[in-house]
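Understanding the architecture of this molecule
Chain by chain, the residues run as shown.
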Protein chains: 2
Amino acid sequence: MNLKDLASQLGLSPTTVSRALNGFPEVNEDTRRRVAEAARNANYRPNARAKGLATGRANAIGHVIPISSRHEIVNPIFGDFIAGAGEVYSRLGYDMILSIVDDEDQDRAYREIRSKGNVDGVIVHGPAENDPRIPLLAELGLPFVVHGRATGTTLPYSWVDVNSARAFRRATDFLMDLGHRRIALVNGLEFMDFAIRRRRGYVEALAERGLTADPELMVQGEMTETQGHNAARAMLRLPDPPTAFVTSSLLSAMGVRRAVEEAGLVMGRDVSIVTHDDDLGYLKNGDGEPIFTATRSSVREAGRKAAAMLIDLISDPAPTPRNELLDAVLVVGNSTGPAPQSKAPIGKG
Amino acid sequence: MNLKDLASQLGLSPTTVSRALNGFPEVNEDTRRRVAEAARNANYRPNARAKGLATGRANAIGHVIPISSRHEIVNPIFGDFIAGAGEVYSRLGYDMILSIVDDEDQDRAYREIRSKGNVDGVIVHGPAENDPRIPLLAELGLPFVVHGRATGTTLPYSWVDVNSARAFRRATDFLMDLGHRRIALVNGLEFMDFAIRRRRGYVEALAERGLTADPELMVQGEMTETQGHNAARAMLRLPDPPTAFVTSSLLSAMGVRRAVEEAGLVMGRDVSIVTHDDDLGYLKNGDGEPIFTATRSSVREAGRKAAAMLIDLISDPAPTPRNELLDAVLVVGNSTGPAPQSKAPIGKG
DNA sequence: GCGCAAATTCAAAGCGCTTTGGATGCTGCT
DNA sequence: AGCAGCATCCAAAGCGCTTTGAATTTGCGC
C-alpha cells in the first residue's frame, strides 16, 4: 500500500493525500479526515526511504560505537544511554542507526556515513583527549552532539556531560571531612576525557587541603569488578594503606569491597568507599537506600538530553553549539564512615 | 557528489558508472578501473536511500528493544549481543536500526517497521513463552531470527539459542556430584523463555536423583546483584538452608556471594555457587582462572551467529527456517567444593 | 452577472539510484 | 559485402515520496 494506491482509492491526487497527512494548511478539513481515516484503515505508512529521498532528511540519528582491542567499549553504560536516546527518537519519529566500527576505521566510517546520507546527525560516544572525531565532523558538516567533552579541543561543539571534576571533588571532600587522608582513586582509562576530569577533581580536592596525590594510590583501567579487586588488594597491602577509595564505577566499587572483606576489614568502618554511579537499569546501587555512598548521575537521562539536543540542532537552520552540564548528586550509603583513629598500622611510625 | 556528477565528470552515463561500481560484467575492464579510481578520489558513496528505493532492499537490519515498566530490559547482555551482530553487519555492508519500543506498542511497532520498509529483517530479542511477535512477523512476511526460543510456539521459525536446560542440568548435576542436596535456584523472570528452560533443567536434574525442587529454594526476578543478595540472605536464614546456589547471571552470583560472606560463611567451602556466565565484555568472570564455577556461553558470539543467519535468510529466495543450538561449557572456578558434612547449623535442629 | 481573492485540488518534476530495452561498433564468418 | 554475435555503452523509466506552479472551484462585494 503506497501513496498512489491510497490516493486513487480515495479519488484524490497523491499531492493532496501527502499534504493531508503531513498537516499542510491548504487542504479541506473534511478531506483531511477522510484521508486520515483511510490511511489508518489501510495501515498505511509512508516509505521511509522515499520520503527521505524526497525531503533530503533521513529522520535518523547515527551512533558510531568504536570497538577495539585497546579498550573494550562494549560498555555497560552504553545500553542505558541508548535507551534514553531511543525514547526521544521514537517519540519524535526518528530512527536510530548503530554502527559498530573498528577503532582504526573511524575516520572512514564517519565519512561514509556522511556520504551515504542515511542519518541527519550523529552522537559521539566516549570522547578522548583531543578527540579527532570532533574536527572531522565539523569539517564534514554533519550535525553532532558529544556525550562527554574532549579536553584540548578548541573548536566549539555541542555536548552533554556530567560535571565529573566537581563530582569527584565533592566525593574526595566528603571523605576528607570524615577525617580520611589516605584516599585512593580507582579510575577509568585516563585517555578518556571523563577519567581525566575525575582525576583532576580528586587531585584538586586533595591539593586544597594541602595533600598531594600519591601515585601509589591511583590506578586507571577498564572499570570492572576485577579491576577494583586487584587494585584494592594491592593497595591494602601497602605499608601505609588507604582508608578510603574513590572509584569510577559501581563494578569497580564492588571489586574494592570484595578485596576489603577478604582483608578481614569492614566496609564503612575500616575502609570507606565512594563511587560514581551511572544509575544503570540493571546495576542499581541498592534499591531504596544506597549500598555505596555515591555521586549519582543517570546515564539514561544523559541519553535523553543528548538526543533532544541533537534533534534540536538539526532542525535549527543556523545552529549554534549548545551544551549541558549535568550535576551528579551525592547520595550517602553505608560504605562510608569516619576515618579509623590512626592507631597506625602496626610496624609503622 | 552523486552518481550523475561522477558520470558526467568521467564522460560516461550514470548507467555505466552504476554497473561499473556494482560489478556487472558488461563493462570494459579499463572503464571499470577508471570509474573505481574516480569514485575513490571523489570519496563517492552511493546514497543509501536512493539505492534502497531503487532496489527495494534496505540493507539494514532492525532490532526492536522492548522497554517496559514490567521488566527493565536495558539488559546488560544487550550491548554484547549488539556488538557481535554489528561486527557481521559492518562486514557485510548492513546497517543496524534500533528501535526502543514500549512493551504495549510492540505490535504496532513491527507493523510500522514493515510498512516503513527501512529494514530487510529483524532480530527478536528476549522471547517469552508463546511470544506473540513470532506469529506476527510470520504474518507480516518480514524475515526474522529469534535470539532464544519461544516455548509453546508451533510455527517453524529461525533462532539462535543456548541450550539452557542442558546447561542448568549440568550445573545441578555438578553440585550433586559434590554431595550437595539442598540446592537453590536464583533465576531470571520466568515468563522469559530462557528462564523457563533453566528451571526445567534444574528441576529435571534433581528429579533424576530422586530429589524434588523445594519452592522455598527457587526465586525468580530481575537478575541483579541485589536480587542475588536478597534471595541468598533469606534462604541462608531458613531452618534448612541451601549448601549451594545455581544462579542465572554473574551479577546475581555476586549478590549471593555477598550474602554468603555477610553470613560469615566461605564461598566454595560452606556454600557453593554455580552461575551462568554470558561472557560479557565488561563483566568477566575473572581474568584467566574463573572466579565462579559457571556455565559459559558468549552472547557476543550468539549475536554474530544470529546476524549471519538473518542475512543468509534474507538473501535466500525461498528460505526455510534455520536454527542453531549453542552449548554452554562448564568452567570450574573457586566457588564450588564438596558439600559440607551435615554438622547441622548451630542453634538449629 | 462580473471580477477578484481565497480555498482546494492537481499534474508534473525531481530526489539519486537501478534496470530494462535498446543503440552502436567491432569482429569474424560465409 | 553482408550478417550474426559480442562487447560496450546509453536513454529513459521507475522506485514512492514531496513540492512547485498552475488549474479549478467557491465566496463575496459591487
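Cut-offs used in this document
Counting restarts for each chain, with residues numbered from 1 along the sequence as it is written. Going through the entries in the order they are written, you letter the chains from A and number the ligands from 1. A pLDDT threshold of at least 70 governs which residues receive local features in this predicted model, and a stricter bar of 80 or more applies before side-chain atom pairs are shown or counted, although totals over entire chains, interfaces and linings include all residues. In computing side-chain properties, one takes all heavy atoms of the structure into account and sets aside hydrogens as well as water. Here a residue counts as near a molecule or strand whenever at least one of its heavy atoms sits within 4 Å of it. Whenever a nitrogen or oxygen atom comes within 3.5 Å of another N or O atom, the pair is scored as a polar contact, on the condition that within protein one atom can donate a hydrogen and the other can accept it, and that pairs from neighbouring residues in sequence are kept only if both atoms are in side chains. Where helices and strands are cited, they refer to DSSP runs of H or I of at least four residues and of E of at least two residues respectively, numbered from the N terminus. In this description, strands pair whenever DSSP reports at least two bridges between them. Only the contacting stretch of a helix is used when fitting its axis, a line to C-alpha atoms as for every element, and angles between N-to-C directions run 0 to 180 degrees. By definition in these notes, contact holds between two residues if any of their heavy atoms fall within 4.5 Å. Think of it this way: a Phe, Tyr or Trp ring, Trp meaning its six-membered ring, pairs with another when their centres are within 6.5 Å, and the plane angle makes it stacked under 30 degrees, edge-to-face over 60, tilted otherwise. Distance and angle both matter: a charge sits over a ring if NZ of Lys or CZ of Arg is within 6 Å of the ring centre and within 35 degrees of the ring normal. Buried area is calculated as the accessible area (1.4 Å probe) missing from two parts once they are joined, with the contributions of both summed. Salt bridges are counted wherever a side-chain nitrogen of Lys or Arg sits within 4 Å of a carboxyl oxygen of Asp or Glu. Gly is put with the polar residues, along with every residue not named as nonpolar or charged; the nonpolar set is Ala, Val, Leu, Ile, Met, Phe, Trp, Tyr, Cys and Pro, and the charged set is Asp, Glu, Lys and Arg. Where each domain begins and ends is defined by an automated method or by a domain database.

What follows concerns the protein's contact with DNA strand C. With respect to spatial proximity, 27 residues lie near DNA strand C, and among them Thr15(A), Leu3(B), Ser18(B), Arg19(B) and Tyr44(B) are the closest. In the model, a phosphate oxygen of DNA strand C is placed 2.9 Å from a nitrogen or oxygen of the Asn22(B) side chain. Note that a base nitrogen of DNA strand C is positioned 3.4 Å from one of the backbone N or O atoms of Ala50(B). Where the surface near DNA strand C is concerned, the elements lending two or more residues are α2 (14-21) and α4 (48-55) of chain A together with α2 (14-21) and α4 (48-55) of chain B. For the surface near DNA strand C, the element with the most residues is α4(B), which contributes five residues.

Attention now moves to the sheet that holds strand β8 (residues 244-247) of chain B. Residues and elements named next belong to chain B. With mixed pairing, six strands are arranged side by side in an open sheet as β7-β6-β8-β9-β10-β12. In this open sheet, the two edge strands, each paired with only one partner strand, are β7 (218-220) and β12 (329-331). Between one strand axis and the next, the sheet turns through 15 degrees on average, direction left out of account. On the sheet, helix α8 (residues 164-177) packs against β6 (183-187), β8, β9 (272-277), β10 (293-296) and β12 and is oriented at approximately 170 degrees with respect to β8. On top of the sheet, helix α11 (residues 250-262) reaches β6, β8 and β9; it is set at about 160 degrees to β9, its chief contact.

A separate point is the packing of aromatic side chains. Taken as a whole and assessed by the stated rule, the structure comprises zero aromatic pairs over all chains. Above the ring of Trp159(A), the side-chain terminus of Arg149(A) is found at 4.7 Å from the ring centroid.

Moving on, we get to the interface of chain A and chain B. A common way to express how large an interface is: the accessible area buried when the components associate. Contact residues are listed per partner, giving 52 residues for chain A and 52 residues for chain B. Buried surface at the junction of chain A and chain B, both sides included, amounts to about 4,500 Å², of which 58% is carbon and sulfur. When residues of chain A are sorted by the area they lose upon contact with chain B, Arg45(A), Arg49(A) and Tyr282(A) head the list and together hold 17% of the total. Here chain A is connected to chain B by six salt bridges. Here Lys116(A) ties to Asp95(B) by a salt bridge, and the two come within 3.2 Å at their closest N and O atoms. Scanning the region where chain A abuts chain B turns up 15 residue pairs in polar contact (both at pLDDT 80 or more). When residues of the side of chain A that touches chain B are traced back to their parent elements, those giving at least two are α4, α5 (76-92), β2 (95-102), α6 (106-116), α10 (225-236) and α11 (250-262) of chain A. Top contributing element to the side of chain A that touches chain B by residue count: α5(A), with eight residues. Looking at the side of chain A that touches chain B residue by residue, the class counts come to 19 nonpolar, 16 polar and 17 charged.

With that settled, the discussion passes to the side chain of Asn187(B). Residue and element names in this part refer to chain B. Structurally, the position occupied by Asn187 is in strand β6. At a separation of 2.9 Å, a polar atom in the side chain of Asn187 contacts the main-chain carbonyl oxygen of Ala195. Residue contacts for Asn187: discarding those within four places in its chain leaves Ala195, Arg198, Arg199, Val219, Gln220, Gly221, Met223, Gln227 and Ser248.

Time to look at the domain arrangement of chain A. Residues and elements named next belong to chain A. According to the domain assignment, chain A consists of domain 1 (3-36 + 44-55), domain 2 (60-162 + 298-327) and domain 3 (164-297). A separation of 28 Å is found between the C-alpha centroids of domain 2 and domain 3. Of the residues lining the interface, 18 residues belong to domain 2; the matching set on domain 3 comes to 18 residues. Here domain 2 packs against domain 3, burying approximately 1,700 Å² in sum over the two surfaces, 49% of which is carbon and sulfur. Summed over the shared surface of domain 2 and domain 3, the number is one salt bridge. Among the ionic pairs, Asp327 bridges to Arg166, the shortest N-O distance being 2.9 Å. Linking domain 2 to domain 3 there are nine residue pairs in polar contact (both at pLDDT 80 or more). Breaking the side of domain 2 that touches domain 3 down by element, the ones donating at least two residues are α5 and β5 (158-162). Per element, the largest residue contribution to the side of domain 2 that touches domain 3 is three residues, and it comes from α5. For the side of domain 2 that touches domain 3, the per-class residue count stands at seven nonpolar, four polar and seven charged.

This part is about the protein's contact with DNA strand D. The environment of DNA strand D is formed by 27 residues, the closest being Leu3(A), Ser18(A), Arg19(A), Tyr44(A) and Thr15(B). Backbone atoms, meaning sugar and phosphate, form 61% of the atoms of DNA strand D found within 4 Å of the protein. Between a base oxygen of DNA strand D and a side-chain N or O atom of Thr15(A), the distance comes to 3.2 Å. With five residues, the top contributor of residues to the surface near DNA strand D is α4(A).

Take the sheet that holds strand β1 (residues 60-67) of chain A next. Taken in spatial order, the twelve strands of this open sheet run β11(A)-β5(A)-β4(A)-β3(A)-β1(A)-β2(A)-β2(B)-β1(B)-β3(B)-β4(B)-β5(B)-β11(B), and their pairing is mixed. Two strands bound the open sheet, and with one partner strand each, they are β11 (323-326) of chain A together with β11 (323-326) of chain B. Between one strand and the next, the sheet's axes are offset by a mean angle of 20 degrees, whatever the strand orientation.

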